[in-house]
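# A look at the structure
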Amino acid sequence: MTPKHFLDLASQTPADLRAILDEAHRLKAGGGRPRPRSAVLAGCTLAMLFERPSTRTRFSFDVAMKELGGDTIVASGAEMQLGRGETLADTAQVLSRYVDVVMIRMLDHDGLVGFAEHAAVPVINGLTRRCHPCQIIADLMTVEERLGPLAGRTIAWVGDGNNVAATFLDAARHLGFSLRIATPSALALPADAVAEARAAGADVSVGEDAHQAVAGADVVVADAWASMGDEDEDRRRTLLAPFQVNDALMARAAPGAIFLHCLPAHRNEEVTDSVMDGPQSAVFDEAENRLHAQKAILKHVLGKLGE
Ligand code: CP
């Protein structure tokens, strides 16, 4: 049987995304401090492979798996024989003999897909250059807990047309919110990706004017001006300076609008301290929600939702 991978949001069904979000909310509602533990994934082991640094993804998956009763193993590619040329395909087949689920952070999305094709256990995308699906589950969960249902809400993405922006585009196909994307033309999302999302049902507008994108929006989202793997930081700073999220930009959003950032933030570059630490910021709830979202994603791929 083909494992239930979680590689991107475009290929998920709306029903599965809804079930994952509902489970994440349910798990969060059930947990004060100390959070209740369950044994739903007892006997299961999660392998986490990181080719790139991580704070949130690494810690939230580790804590999530343990609070669900499972175990974890973490390694970087350099620590493994991958760093000495063993193929992803062979690695996938070997790890499938040891563990029950694999989470990988690697820039090469095709490499991740190839790994998943050779894995006999579910594979979760912990960020590639193409997309960051776990992040957007946590983001949309945060929007719902702050503002209620997603349908009819407007989310404004301001800055680089990067992998996180592309994942909002994937989600917009399925979840009924409007997406406005403002980027410099040189850093825009690929036109064919936007066209494909529209054809699949996404309500999305793209442009180069941050003020226009944010006007009346319910959610304003920013990200680092240079993502992992980007080497043209000076050029990006110049291009992206007009896209800084500051008090003046937030004032154009709807009353009660929230600010999201997947973190790590580069304070006073893509977002000012006043917005990051201000009353509209939901960034630390968003970071916490990575934990609840990871639990729901793990339960989804392992066929344990609702248990
Ligand atoms: N947002 C995010 O993925 O954070 P980390 O890079 O710290 O995992």
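Residues numbered from 1 in each chain as written. Predicted model: local features only at pLDDT ≥ 70, side-chain atom pairs only at ≥ 80, totals over all residues. Heavy atoms only, no water.

### What about the overall build of the protein chain?
Of regular secondary structure, the protein chain possesses 12 helices and 9 strands. For the protein chain, the C-alpha radius of gyration of 19 Å lies close to 19 Å, the compact-globule estimate for 307 residues. Each principal axis of the C-alpha distribution contributes one length, and for the protein chain these read about 55 × 45 × 35 Å. For the protein chain, the residues scored as buried account for 55% of the 307 residues in total. Contacts in the protein chain between residues far apart in sequence, at least 24 positions, make up 75% of those at least 6 positions apart. In the protein chain, 30 positive and 41 negative side-chain charges are present, and the distance between their average locations comes to 5 Å. (Helix = DSSP H or I, 4+ residues; strand = E, 2+ residues; numbered from the N terminus. Rg over C-alpha atoms; globule rule 2.2 N^0.38 Å. Buried < 20%, exposed > 50% of the residue type's maximum accessible area, 1.4 Å probe, protein only. Contact = heavy atoms within 4.5 Å. Lys, Arg positive; Asp, Glu negative; His and termini not counted. Charge placed at Lys NZ, Arg CZ, Asp CG, Glu CD.)

### Here we look at the site of the ligand
Around the ligand sit Ser54, Thr55, Arg56, Thr57, Arg105, His132, Gln135, Cys262, Leu263 and Arg290, and those are all the residues in its vicinity. At 2.9 Å from a nitrogen atom of the ligand is found a side-chain nitrogen or oxygen belonging to Gln135. At 2.9 Å, a backbone N or O of Leu263 approaches a nitrogen atom of the ligand. Contact with the protein chains covers 94% of the free accessible surface of the ligand, which is 250 Å². (Near = heavy atom within 4 Å. Polar contact = N/O pair within 3.5 Å; in protein donor to acceptor, adjacent residues only side chain to side chain. Areas by Shrake-Rupley, 256 points an atom, 1.4 Å probe, with all protein chains shown as cover.)

### Remarks on unusual backbone geometry
Residue Pro34 is bonded to the preceding Arg33 through a cis peptide linkage, with omega at -5°. For Pro34, the location among the structural elements is in the loop between helix H1 (14-29) and strand E1 (45-50). Pro264 follows Leu263 through a cis peptide bond whose omega is 5°. You can see Pro264 is positioned in the loop between strand E9 (258-261) and helix H11 (273-276). Despite not being glycine, Leu127 has its phi angle at roughly 125°, a positive value.

### Here's the deal with the state of the cysteines
Scanning all chains against the criterion turns up 0 disulfides. Distance from the sulfur of Cys44, which forms no disulfide, to the nearest cysteine sulfur (Cys134) is 17 Å. On the accessibility criterion, Cys44 (14% relative accessible area) is buried. We note that Cys134 lacks a disulfide partner, and the nearest cysteine sulfur, in Cys131, lies 9.4 Å from it. With a relative accessible area of 0%, Cys134 lands in the buried category. (Disulfide = S-S within 2.5 Å.)

### Points about the pattern of salt bridges
Tallying each qualifying case throughout the model produces 21 salt bridges. Of the charged contacts, one joins Arg18 and Glu144 as a salt bridge, the two residues approaching to 2.6 Å between their closest N and O atoms. Taken together, the residues span a long stretch of sequence, with Arg18 in helix H1 and Glu144 in helix H5 (residues 133-147) at a distance of 126 residues. The salt bridge involving Arg237 is made with Asp234; its shortest N-O contact spans 3.4 Å. One end of the pair, Arg237, and the other, Asp234, are both in helix H9 (residues 233-240), 3 residues apart, so they sit about a helical turn from each other. Asp234 sits in the exposed class, given a relative accessible area of 59%. Taken together, the shared-partner salt bridges in this structure form one network comprising Asp160, Asp232, Arg235 and Arg236. (Salt bridge = Lys/Arg side-chain N within 4 Å of Asp/Glu carboxyl O.)

### As for the side chain of Asp160
With respect to the helices and strands, the residue Asp160 is situated in the loop between strand E5 (154-158) and helix H6 (163-172). In contact with Asp160, not counting residues within four places along its chain, are Ala165, Thr183, Leu187, Ala224, Trp225, Ser227, Asp230, Arg236 and Leu240.

### Topic: the side chain of Arg290
Relative to the elements of secondary structure, Arg290 occurs in helix H12 (residues 283-301). The charged side chain of Arg290 is buried without a salt bridge, its nearest counter-charge being Asp139 at 6.6 Å.

### Details of the pairing of strand E6 (residues 178-182)
Within E6, 4 of the 5 residues are buried, which leaves it mostly tucked inside the rest of the structure. Bridging between E5 and E6 involves 5 bridges; their strand directions are parallel. Bridging from a neighbouring strand, Ala156 pairs with Arg180 of E6. Of the crossover connections in this fold, the one passing from E5 over H6 to the parallel E6 is right-handed. (Pairing = 2+ DSSP bridges. Right-handed = clockwise from strand over helix to strand, strands pointing away.)

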